[in-house]
Amino acid sequence: MIKYELKMILRNKTCRLIFTAITIFIILLVYLTVENHEYIDKKGHKIESLNMVRRLANDKNRWKGELTSKLIKDILKKEKTSKNRYPNDMIAFGKEKQSYNDIVLFANKLFYGEHADDDDPWAVRKESLMRIDRIYARYRENLSAESREYGKTQEGSAFMLKQFQKIRMPVRYEAFEAWKALFSSIGMFALVLLVAGVFLSTKILAQEFQYQSASVFFSAVYGKTRGVKWRILTNLLVITVLYWAGISLLSLICFWIMGAGGGQTMFQFDQPYSVYIVTYSQMCEIAAICGYVASMLAASIAMLIVAKTRKVALAFILPIILFLVTPFIVNAIGVRNAFIPLLPHNLTDIVTCSVIPYIYQVGKIVFRQIPFVLLIYSAITILLISISYRLYKNTVVYN
C-alpha cells in the first residue's frame, strides 16, 4: 500500500517540481553562504574560489587547541604591534589578522560581558595585557551577573549558574566555518521544507475528495481501516524522508565545499552567554530536530483541516500563516512578553532562541525555552495526528 501511494506521489508532476526546486534552493543557499566569506592571501589579495572557505579554516586552525589566557594575551600583543610589522593593512590581515579575528571578538565578549558588541567589539585590543591574565575570572563574574539578570528568581538564577558551570575553561578552539554556515541556514531551509511538506500532506490526504473518488475509497472493504492507516503513514513517511533528505543534502554540500572540521568546538566560543552548553555539531542537530518537529506540526494541522473540512486551500494557508506570517506580525507590532517565545514559529528560529536566555519557572521547576517548545509541540503533533486519523476514518460520504 505504501509503495502504491509513493508511486502516485512520484508520478505527480507538481511533486517532482517541488523536489527539483528544493535541490536548486539548497545549491543557491550554499553558494550564498560561501560568498559571505572572504579570504585574503599573504600578499594581501582577495581570493575568490570554491575552496576559499577551506583555506580560511586552515589559516584559523593555526590557533587550534585550548585558548588559554596566555595564548589570548599573545594574540592581542600581535594585534597591537601589527601596524609596525607590516607595510599595509591588507597584508597584515592576510598574514595573521584573519586567523585570529574571531578569537579577539571572543575575548572581547568574555572580558566585557554579553553586551560588549553593542559598544565596541574590538575594545579588548586597548586593554592592558596584564589585565588579560584574569580574562576567565572576568568571564565567570560576567556569567554570574548574567544568571542574576535573566534568572529573575533565586531558583532561576541557580538554574542558569548550574548550566554555566558546565562550560569547560579554557575553551577549546577549532575553525568551525561549515558548522556555523549550516546552523545559520537550517532555520530558513526548514521553512522551505515545511511549506513543501504541507503542500504534499494536503495533496496526499485530499486526493479522493479532489478527484470525486471518496465514495469508492471509503466504501471499500478495507477503505476505512487499512486504507486510512496506510494513507496517514505514507503522509508521515513522505514528510519525514523529504525533510531529512533535504537536511542531509544541505549538510553534505556544506561539508564538501567548506570541510567538516570544528564540530566539537563549543557553541560558547561564538555565544559565550548562551544557556545551551553544547558543541556546534550538537547545536546543529538541535536546530534540525526542531525544524523537523515544526514540519510535522504544520503537516498535522493540514491533515486535521483536510479531515474535518475537506478544504485544501485552508489546510495549506493556515500552517503557512502560523509559521511564516506570525513572526512578521510579532516583529511589526513589537509585542514583547513571556508567551511570544513559546509560539510554534520559534522552532524554525533556533539561531535567535539559542542566543537569548529565555528561562521559565512553574512552581519550583525551572526550564529553558528550546527543550520546552520541542517537548510540548511534539506532544501536540502526536495528538493532532491521532485526531486526524479518527476523523479521516469516520468520514461519511454521501453519493
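Quick summary incoming for the structure in this document. Residue indices begin from 1 for each chain and proceed along its sequence in written order. Selection of residues for local features in this predicted model requires a pLDDT of at least 70, selection of side-chain atom pairs for listing and counting requires 80 or more, and totals for whole chains, interfaces and linings are taken over all residues. The side-chain figures draw on all heavy atoms in the structure; neither hydrogens nor water molecules are used.

### Examining the overall build of the chain
In step 1: Strands here are runs of E lasting at least two residues and helices are runs of H or I lasting at least four, both read from the DSSP assignment and numbered beginning at the N terminus. For the chain, the count of helices and strands is 16 helices and six strands.
In step 2: A total of 399 residues make up the chain; the buried ones form 50% of that total.
In step 3: By definition, residues are in contact when any of their heavy atoms lie within 4.5 Å. Considering only contacts within the chain whose residues lie at least 6 apart along the sequence, 74% involve residues at least 24 apart.
In step 4: Only the protein chains shown count as cover for residues, with accessible areas throughout obtained via the Shrake-Rupley method and a probe of 1.4 Å. With an accessible surface of roughly 20,000 Å², the chain has 61% of that area assigned to carbon and sulfur atoms. Residue burial is assigned from relative accessible area. The probe radius is 1.4 Å, only protein chains are included, and a residue is buried under 20% of its type maximum, exposed over 50%, and partly exposed in between.

### Structural notes on the packing of aromatic side chains
In step 1: Pairs were defined over the aromatic rings of Phe, Tyr and Trp, the Trp ring being its six-membered one, requiring ring centres within 6.5 Å. Orientation was assigned from the angle between planes: stacked under 30 degrees, edge-to-face over 60, tilted for the rest. What the rule picks out here adds up to 18 aromatic pairs.
In step 2: Geometrically, the ring pair formed by Trp-179 and Phe-255 is tilted, given 4.7 Å between the ring centres and 50° between the ring planes. With a gap of 76 residues between them, Trp-179 in helix H10 (residues 177–210) and Phe-255 in helix H12 (residues 223–258) connect regions that are remote in the sequence.
In step 3: With a relative accessible area of 14%, Trp-179 lands in the buried category.
In step 4: One aromatic cluster is present, built from ring pairs that chain together Phe-106, Tyr-173, Phe-176, Phe-183, Phe-267, Phe-269 and Tyr-280.
In step 5: Sitting over the face of the ring of Phe-111, Arg-138 holds its NZ or CZ atom 4.0 Å from the ring centroid. Two conditions define a charge sitting above a ring: the NZ of Lys or the CZ of Arg must be within 6 Å of the ring centre, and it must be within 35 degrees of the ring normal.

### Here we look at the nonpolar core
In step 1: Side-chain atoms within 4.5 Å link the members of a nonpolar core, which is a set of buried Ala, Val, Leu, Ile, Met, Phe, Trp, Tyr and Cys residues. Grouped together as the largest cluster of nonpolar side chains are 109 residues, with contacts concentrated most on Leu-67, Ile-72 and Tyr-136.
In step 2: Looking at which element gives the most residues to this core, the answer is helix H13 (residues 280–309), with 19 residues.
In step 3: Residues contacting Leu-67, with those up to four places away along its chain left out, are Ile-72, Ile-103, Phe-106, Tyr-136, Pro-170, Val-171, Tyr-173 and Phe-269.

### A short note on the pattern of salt bridges
In step 1: The working definition used for a salt bridge is a side-chain nitrogen of Lys or Arg within 4 Å of a carboxyl oxygen of Asp or Glu. Taken as a whole and assessed by the stated rule, the structure comprises 12 salt bridges.
In step 2: Linking Lys-73 and Asp-133 is a salt bridge whose minimum nitrogen-to-oxygen distance equals 3.0 Å. Here the residue Lys-73 occupies a position in helix H4 (residues 69–85), and Asp-133 occupies one in the loop between helix H7 (129–132) and helix H8 (135–151), the gap between them amounting to 60 residues.
In step 3: With its nearest N and O atoms 3.4 Å apart, the salt bridge here joins Lys-180 to Asp-270. Linking Lys-180 in helix H10 with Asp-270 in the loop between H12 and H13, this pair joins segments that are 90 residues apart in sequence.
In step 4: Residue Asp-270 is classed as buried on the basis of its relative accessible area, which comes to 13%.
In step 5: Shared partners join several salt bridges into a network, and the residues in it are Lys-60, Asp-102 and Glu-177.

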